[in-house]
Amino acid sequence: MRSLISPPFRPFQTRLLHLRSTSSKSQQTQHYQNQIRGLFCTAALTSHSPKDDGYSGHLYEPIEGVEKLERYRVGGYPSVTIGDHIHNRYQVVQKLGHGAYSTIWLARDQQYGKYVAIKVCTADSNPLEFNILSELSNSQKNSSISLGKTMIPSILDRFEIQGPNGTHPCYVTIPARMSLSEAKDASYNRLFPLDVARALAAQLVLAVEYVHSQGFVHGDLHDGNILLWLPFDLNQLSVEELYKNYGEPEFEAIRRFDGQPLPPNMPSQAVLPIWLGEPSDKLKLPEAKILLKDFGEAFSPTKQQKFESHTPLVGRPPEARFEPHKPLSFLSDIWSLGCTLWNIIGQSSLFDGMFATEDSITCEQVDALGILPPEWWYKWEGRHSRFTEDGKPINRAPYRSWEFRFEQDIQEPRQREGMPRIEPAERDAIFKMLKSMLKFRPEDRPSAKQILECEWMVNWALPEYEKIRRI
Ligand SMILES: Nc1ncnc2c1ncn2[C@@H]1O[C@H](COP(=O)(O)OP(=O)(O)OP(=O)(O)O)[C@@H](O)[C@H]1O
């Protein structure tokens, strides 16, 4: 039967089936609770409400795990499918995923006999993203000393394809394994082992420090925009072996609700994405190498002012709401980076994304971090129903403090899963780092370079990343 559930929910269904057959009832209840929580985290992390694609109608029966089919129209996705030869060079062999502005395909580069990822963009996508990415991956500025540069995907080729829906920019990079959010979605407990979490965190800060050193703000940091490298050489597999190991491409017929025939500018069948990934809790340290992607919101503050943040609400810097006339800055990234680091160490997001609204997120932030700066506090109408004038929570139970969140999202789930709790010295160093990054006023936050020098980075995170580099 066709499902009406959207992409992040697919691994969840698969996991539930497995769970039903392998766990006791109380384990199941706990896991269900975690997964339901996770689903809302994922939904909150992936919902870019202001980055609306402008296509709100429902013409086609939705297919789980597949791009929004209404976007196959002028300005939207081009029709690409398995077996296509693109740009006289790339043979499409599998689908890797999709975003609001692209479909991503695994293809065989017939010139070099290697697998590549081709991002085929909608005709209305922002072409600046790839100028920034090319600049970052080719830059010679500070590059001899920058480890962060190795975490930026290189553009191997770029070209355009023409079709009835418009001109579609295409970008070729190496294929990756999965995003951090997909790894979490695929696990029962949504946790990374602690050594893996430390190494991921170190690399993310190095990557952001590199992006900032080159004069760019990323503008959309969250765990869906961090990919993990493939830990094996896919190039050793023929296409037949790839299919044998990871499955043949899977198709689903596309149907209109009104039963009319499909227009000529869309494929007749949707392709479901391949899964090359691994659940987060099963990852081993050598597999924890990242690539930072999606520079669609990136900008250079010296050349352009940006005021609106499209980062998902759970990681959106509060100045975007309370100081909408001040341009976003490098320090806006630091807030989102802090939220992402929490998500890497813990099970779910620091600020609860369940049914998130701007007011509910601000309320979460005040619960965890204390009262807003006075000029923001008095401007915030939503405070009246939730807090006393001096910032004490009212009409709300339970109220979750910072310490409570750390226990609930990080320590208890780790302990339940048989993973060690984070020792007090390390916990204190994490608190110090994250609390400095999550200062309400951007000017009070440290730079990415300063974060690299903090105690947790120096004593715990960077040494774990060093181990990977030595392998
Ligand atoms: N190089 C790659 N290797 C493997 N999978 C990839 C690669 N790039 C992207 N993907 C997959 O495709 C998905 C969508 O990619 P991406 O986020 O870059 O698209 P997008 O159109 O920019 O999305 P959005 O603008 O909605 O954030 C990713 O979540 C991931 O699953």
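Rules of the game
In this convention, every chain numbers its residues from 1, walking through the sequence in written order. Reporting of local features is limited, given that this is a predicted model, to residues whose pLDDT is at least 70; pairs of side-chain atoms are given and counted only at 80 or more, and all residues count toward the totals for whole chains, interfaces and linings. UniProt positions are given in the numbering used here, feature names are shortened, and annotations may be inferred rather than shown by experiment. Exposed residues have 12 or fewer other C-beta atoms within 10 Å of their own C-beta, buried residues have 20 or more, and residues in between are partly exposed; the C-beta atoms are placed from the backbone. We call two strands paired when DSSP finds no fewer than two bridges between them. Numbering of helices and strands starts at the N terminus; helices are DSSP runs of H or I of at least 4 residues and strands are runs of E of at least 2. Lines fitted to C-alpha atoms define the axes here, with helix axes fitted over just the stretch in contact, and angles between the N-to-C directions of these axes take values from 0 to 180 degrees. Distance between backbone-placed C-beta atoms decides contact: two residues are in contact if it is within 7 Å. What marks off one domain from the next here is an automatic or database domain assignment. Under the scheme applied here, ten amino acids are nonpolar (Ala, Val, Leu, Ile, Met, Phe, Trp, Tyr, Cys and Pro), four are charged (Asp, Glu, Lys and Arg), and all others, including Gly, are polar. Being near a molecule or strand means, for a residue, that its backbone-placed C-beta atom lies within 6 Å of it.

Asks: Any chance you could explain the UniProt feature "binding site: ATP" (unreviewed entry) in the protein here in plain terms?
Replies: Following the UniProt record, one finds the feature "binding site: ATP" (unreviewed entry) at K119. Owing to 26 C-beta atoms within 10 Å, K119 belongs among the buried residues under this scheme.

Asks: When you look at the sheet that holds strand β11 (residues 290-292) in this model, what are you seeing that I'm missing?
Replies: Two modes of strand pairing occur in sheets, parallel and antiparallel, and in both the strands are linked by backbone hydrogen bonds. Spatial ordering of the open sheet is given by β7-β8-β11, a layout of three strands whose pairing is antiparallel. Either end of the sheet is taken by a strand with one partner, and the two such strands are β7 (176-179) and β11. The average undirected angle you get between the axes of adjacent strands in this sheet is 35°. With three bridges connecting them, strand β8 (residues 226-229) and β11 associate as antiparallel partners. Looking across to β11, one finds that I226 is bridged to L292. Each of β8 and β11 touches helix α5 (residues 194-213); the most contacted strand, β11, lies at about 30° to it.

Asks: Can you walk me through the sheet that holds strand β5 (residues 157-163) in this structure?
Replies: One open sheet holds the six strands; their spatial order is β1-β2-β3-β4-β6-β5, and the pairing between them is antiparallel. Edge strands, defined here as strands with exactly one partner in the open sheet, are β1 (85-86) and β5. Relative to strand β2 (residues 90-99), β1 is paired through two bridges, and the arrangement is antiparallel. Looking at the pairing, I86 lines up with Y90 of β2.

Asks: Please clarify how the domain arrangement of the protein should be interpreted in this entry.
Replies: You'll often see interface size given as the accessible area lost when the parts meet. As assigned here, the protein comprises domain 1 (25-37 + 60-143 + 153-174 + 232-275) and domain 2 (176-230 + 278-470). Centre-to-centre separation of domain 1 and domain 2, based on C-alpha positions: 28 Å. Every contact between the two is made by 17 residues of domain 1 and, on the other side, 16 residues of domain 2. Of all the secondary structure elements, the ones that give two or more residues to the side of domain 1 that touches domain 2 are α2 (25-46) and α3 (128-138). Of the residues assigned to the side of domain 1 that touches domain 2, the class counts are nine nonpolar, five polar and three charged.

Asks: Is there a simple way to explain the site of the ligand in this structure?
Replies: Close to the ligand lie 19 residues; G97, G99, A100, S102 and A117 are nearest. Elements that contribute at least two residues to the shell around the ligand include exactly β2, β3 (102-109) and β7. Here the element with the most residues in the shell around the ligand is β2; it accounts for four residues. Of the residues assigned to the shell around the ligand, the class counts are eight nonpolar, eight polar and three charged. There are two domains that each give the shell around the ligand at least three residues, and those are domain 1 (25-37 + 60-143 + 153-174 + 232-275) and domain 2 (176-230 + 278-470).

Asks: Looking at this model, I keep getting lost on unusual backbone geometry. Mind explaining?
Replies: When glycine is set aside, most residues are seen to have a negative phi, and most peptide bonds are trans. At H87, a position not held by glycine, the phi torsion is positive, near 55°. Tracing the backbone shows H87 in the loop between β1 and β2.

Asks: What exactly am I supposed to notice about the pairing of β2 here?
Replies: Along a regular strand, successive side chains alternate from one face of the sheet to the other. With eight of 10 residues buried, β2 is to be regarded as a mostly interior element. Hairpin connection of β1 to β2: three residues between the antiparallel strands, including H87 at a positive phi of 55°. Bridging between β2 and β3 involves eight bridges; their strand directions are antiparallel. Note on β3: the bridge partner recorded for V92 is A107. Linking β2 back to β3 in an antiparallel pair, the connection comprises two residues.

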